[in-house]
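# Understanding the architecture of this molecule
Below, each chain spelled out in residue letters.
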Amino acid sequence: MQFNRKNFTNETLLDLYKNLLLPRMIEEKMLLLLRQGKISKWFSGIGQEAIAVGATMALQPDEWIMPLHRNLGVFTSRNMPLNKLFKQWQGSKDGYSKGRERSFHFGNAAHHICGMISHLGPQLAIADGVALAHKLKEEEKVSLAFTGDGGTSEGDFHEALNVAAVWDLPVIFVIENNGYGLSTPVSEQFRCFSLADKARGYGMEGIRIDGNNILEVYDTIKGIREYCIENQKPYLIECMTFRMRGHEEASGTKYVPPHLFDLWEQKDPIKNYESYLLEQGVLDDESLTAIRNELKEYIEAELKTGYASPVMVADTREELADLYVQPAPDKKAVQIINNATPGFVSAGPGKEAARFIDGIKDGLYQSMQQHPNLVLMGQDIAEYGGAFKITEGFSAAFGKERVRNTPICESAIVGAALGLSLEGYKAMMEMQFADFATVGFNQIINNLAKLHYRWGQNADVVIRMPTGGGVGAGPFHSQSNEAWFAHTPGLKVVYPSTPMDAKGLLIAAINDPNPVLYFEHKALYRSISGPVPDAYYEIEIGKARLVQDGDDISIITYGAGVHWAMDFAKNHPDISLYILDLRTLLPLDYAAIRQAVQATGKVLLLHEDTLTGGIGGEIAAWIAENCFELLDAPVIRCASLDTPIPFNIELEKNFMAYSRLGEAVDKLMNY
Ligand SMILES: Cc1ncc(C[n+]2csc(CCOP(=O)(O)OP(=O)(O)O)c2C)c(N)n1
């Protein structure tokens, strides 16, 4: 192995050596403890340490790194205390994730390390968001994300690199090519000769280097860091290496031809560098022994502290409370409108008859004025104004840096939104249609939703979801998919039905530092209107609205359902309907639901979403469990047919819940 010390001082060379040796020595110890059952899973990075260590040392300590499961060297080179790391690996309460996450699936903002989720590829786009934040703040910083050779086959790799290239982001993508996925060799993973060649396809620079040569890794990444900052461009680095152990300790290495271990043993990053330093006279036998002893002592002392963790006692209240970050107490200069009384709150000096779409637009516009750190992202949202023209005029008013057209890559944009949030931005993403959330699903469900619970970091992200049918748009532009998200702990799901709520709930969603999915029914955009105050105000998330009082039946609904119920009431003055608009689906307003049950003793749950697994089933179960004594009839659900939503207008009408509303009301009335 050829080393080139360039003009690095002895101190730098030694510093690199110590940082390289530490994760190896920790791992050797952990492998022992693993056999003793003291820790559970372990993903070995033995043989690959030069990449994690070299990359981390080449960056500034306040630049974000998105590591993976084999990157112990990132954590140690960022000087995370081993005792706490050890607590993390044991699943202790005082580890980095309060015992909620395993091995390396955690991050820590103080160390600028973003924790991975198991799915590997999602790390890459988060780095895009962080780099975008640096770009917007005109900071001289990069972000750096890791992937394995296997991970490069994921769509997330493609999306993240493409966005970084298109947006000229200073982000470094590091591929650790160790020849295998879990057991799958690279010959069964991709067809290109070199993964670095992929860079050219995205319009960025790429390079392949020896990942076992610490000086080469360190020096290359230092140089690339400067390039990325100076040129405001991303860079792809393929580091050739080899994994000397199995995918994880239980999986073995039978699939690897033995001669490869012999070959790569010769290329061991630590042994080779050690020999070089001895040869150069930077190290001698004595100093070598002293360093090893020093690290050994450090490890033993830290483990002793690490063992001294309190016994885990589960506290359900704390488990639930940690789903969300609490908003900062100084936040509330904003007026909160909470109309628990029937009808609308007075419109104030604002518009008397604004359309639903105007409410959304108003809320978004005022939020952009209130929060200079709010960035909007979505397909065609800049000059074109978005598919529904909600952001029309925004790019002229706030600039294209803050109102960003995106390539068609929902997953990367949700990831980028999270990255922006890590750097103190607020991000709003417009899904062009709620249906397309499927291709950003993983980032929403597994990253945004679980982040705070997993390692205490919030995701200050709103995703706007133009949803619903009634517009003859067929199965992929009409779905009601709110139940997917209402089922996911850690998200908030809001769904306004009036222009006034549309504005106030959007403002509240943007002010909320947690991830919020904001559903906006497309058929309501221009078909309904109502009062919208000019003021910058919030409608409180988690509070339902009593639309009208009544004695016969309580309809609990949301979105378009509210208007169906109101129309039905108008057309059937002989039936006295109590109508409750949920407004928020996660968390539900159980007090208001209980009141609705109490009011009439007969409950009809109405929603446009399909029946099976819809939110109505959940509420029905809650009522049965908690309000049984208040019921005079079984809870009835009126929902859309359990089919995809059809295109033909007659078929669509037949699909829709409203076509069976009269039937459902009759059934309850006659009970
Ligand atoms: C989306 C997804 N699919 C499959 C897996 C299971 N899995 C975990 S690691 C791994 C291999 C990853 O290979 P590579 O990216 O080359 O990284 P390495 O483990 O070799 O460092 C697989 C298949 C996963 N975690 N996520």
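All of these numbers come straight from a predicted model, not from anything done at the bench.

Glancing now at the sheet that holds strand β17 (residues 553-557). For sheets, the rule is that strands pair by backbone hydrogen bonds, running either parallel or antiparallel. Read from one edge to the other, the open sheet built from five strands follows the order β16-β18-β17-β20-β21, with strand pairing classed as mixed. Strands with a single pairing partner mark the edges of an open sheet, and in this sheet they are β16 (545-548) and β21 (636-640). Averaged over all pairs of adjacent strands, the angle between strand axes in this sheet comes to 25 degrees, irrespective of strand direction. Where β17 meets strand β20 (residues 603-610), three bridges bridge the pair, whose relative direction is parallel. Directly across from Ile556, in β20, lies its bridge partner Leu605. Of the strands in this sheet, β17, β20 and β21 are in contact with helix α24 (residues 661-669), which crosses β20 at around 160 degrees.

Turning our attention to the packing of aromatic side chains. With the rule as written, the count across this model stands at 30 aromatic pairs. Plain terms: the ring middles of Tyr227 and Tyr235 are 5.3 Å apart, the flat faces sit at 90 degrees to each other, and that makes the pair edge-to-face. An aromatic cluster is built from Trp42, Phe75, Trp89, Tyr96, Phe104 and Phe106, whose rings are joined through pairwise contacts. Arg208 extends its terminal NZ or CZ atom over the ring of Phe193, reaching a point 5.1 Å from the ring centre. For Lys389, the ring lying beneath its charged end belongs to Tyr384, and the centroid distance is 3.5 Å.

Among the nonpolar cores identified, the biggest contains 163 residues, and Trp89, Ile221, Tyr273, Ile444, Ile463, Phe485 and Ile623 are the most heavily contacted of them. If one sorts the elements of this core by residue count, helix α1 (residues 10-35) sits on top with twelve residues. With sequence-adjacent residues up to four places away left out, Trp89 is seen in contact with Ile26, Met30, Ile39, Ser40, Trp42, Leu72, Leu82, Ser103 and Phe104. The next biggest cluster of nonpolar side chains, apart from the first, holds 34 residues, and it includes Phe356, Ile360, Val516 and Tyr525.

Another aspect to go through is the site of the ligand. Residues in close proximity to the ligand total 15 residues, the closest being Arg70, Ser118, Gly150, Gly151 and Tyr180. Side-chain polar atom of His69 to an oxygen atom of the ligand: 2.9 Å apart, as the coordinates give it. In this structure, an oxygen atom belonging to the ligand sits 2.9 Å away from a main-chain N or O atom of Tyr180. In the complex, the protein chains occlude 70% of the 570 Å² of accessible area that the ligand would expose alone. Split into classes, the residues belonging to the shell around the ligand amount to three nonpolar, nine polar and three charged.

Turning our eyes to something else, we now look at the packing of α1 against helix α10 (residues 269-280). The description of two packed helices rests on the angle between their axes and on the distance between the axes. Look at α1 against α10: their axes get within 10 Å of each other, and the N-to-C directions meet at 150 degrees. The pairing of α1 with α10 is recorded here as roughly antiparallel in orientation. In the packing of α1 onto α10, the handedness of the crossing is left-handed. Contacts between α1 and α10 pair Leu13, Leu16, Tyr17, Leu20, Leu21 and Arg24 from the former with Pro269, Ile270, Tyr273, Glu274 and Leu277 from the latter. Residue composition of the contact of α1 with α10, grouped by class: nine nonpolar, no polar and two charged.

To continue, consider the sheet that holds strand β4 (residues 205-210). With parallel pairing, five strands are arranged side by side in an open sheet as β1-β2-β3-β5-β4. Single-partner strands in this sheet number two, and they are β1 (65-66) and β4. Here six bridges tie strand β3 (residues 171-177) to strand β5 (residues 235-240), and the two strands are oriented parallel to one another. Its bridge partner lying in β5, Val174 is registered against Ile237. Along the sheet, helix α5 (residues 122-137) makes contact with β1, β2 (143-148) and β3, crossing β2 at roughly 170 degrees. Helix α8 (residues 214-231) contacts β2, β3, β4 and β5 of the sheet and is inclined by roughly 165 degrees relative to β4.

Turning next to the environment of Leu195. With respect to the element layout, Leu195 can be found in the loop between β3 and α7 (198-202). Under the relative-accessibility criterion, Leu195 is labelled buried at 0%. Sequence separation between Leu195 and Gly121 is 74 residues; the distance between their C-alpha atoms is 15 Å. When residues no more than four places from it in sequence are discounted, the contact partners of Leu195 are Asp149, Thr152, Ile175, Asn177, Phe190, Leu236 and Glu238.

Attention now moves to helix α15 (residues 410-422). For α15, which comprises 13 residues, the first-to-last C-alpha distance of 19 Å matches the rise-based estimate of 18 Å (1.5 Å per residue) to within 8%. Summarising burial for α15: 13 of the 13 residues are buried, a large majority. Two residues or fewer past α15, Gly424 is found with a positive phi of approximately 85 degrees.

Put simply, helix α13 (residues 356-370) and helix α19 (residues 499-511) touch, their axes get as near as 7 Å, and they point 30 degrees apart. One element, α13, and the other, α19, form an angle in the roughly parallel class. In terms of crossing hand, the pair formed by α13 and α19 is right-handed. The residues of α19 that touch α13, namely those facing Phe356, Gly359, Ile360, Asp362, Gly363, Leu364, Gln366 and Ser367, are Pro499, Ala502, Lys503, Leu506, Ile507 and Ile510. For the contact of α13 with α19, the residue count by class is eight nonpolar, four polar and two charged.

Okay, α24 next. Residues Leu661, Ala664, Val665 and Leu668 constitute the buried set of α24. Considered in projection along α24, the buried side chains sweep an arc of 100 degrees and stay on one side of the axis. Opposite the buried face of α24, by more than 90 degrees, sit the exposed residues Glu663 and Lys667. Contact partners of the buried residues in α24: β17, α20 (560-571), β20 and β21.

Conventions adopted
Residues numbered from 1 in each chain as written. Predicted model: local features only at pLDDT ≥ 70, side-chain atom pairs only at ≥ 80, totals over all residues. Heavy atoms only, no water. Pairing = 2+ DSSP bridges. Helix = DSSP H or I, 4+ residues; strand = E, 2+ residues; numbered from the N terminus. Axes fitted to C-alpha atoms, helices over the stretch in contact; angles between N-to-C directions. Contact = heavy atoms within 4.5 Å. Phe/Tyr/Trp six-rings, centres within 6.5 Å; stacked < 30°, edge-to-face > 60°. Lys NZ or Arg CZ within 6 Å of the ring centre and 35° of its normal. Core = buried A, V, L, I, M, F, W, Y, C linked by side-chain atoms within 4.5 Å. Buried < 20%, exposed > 50% of the residue type's maximum accessible area, 1.4 Å probe, protein only. Near = heavy atom within 4 Å. Polar contact = N/O pair within 3.5 Å; in protein donor to acceptor, adjacent residues only side chain to side chain. Areas by Shrake-Rupley, 256 points an atom, 1.4 Å probe, with all protein chains shown as cover. Nonpolar A, V, L, I, M, F, W, Y, C, P; charged D, E, K, R; others polar. Parallel < 35°, antiparallel > 145°, perpendicular 65-115°, else oblique. Left-handed = near helix turned anticlockwise from the far one by under 90°. Expected span 1.5 Å × (residues − 1). Arc of directions from axis to C-beta.

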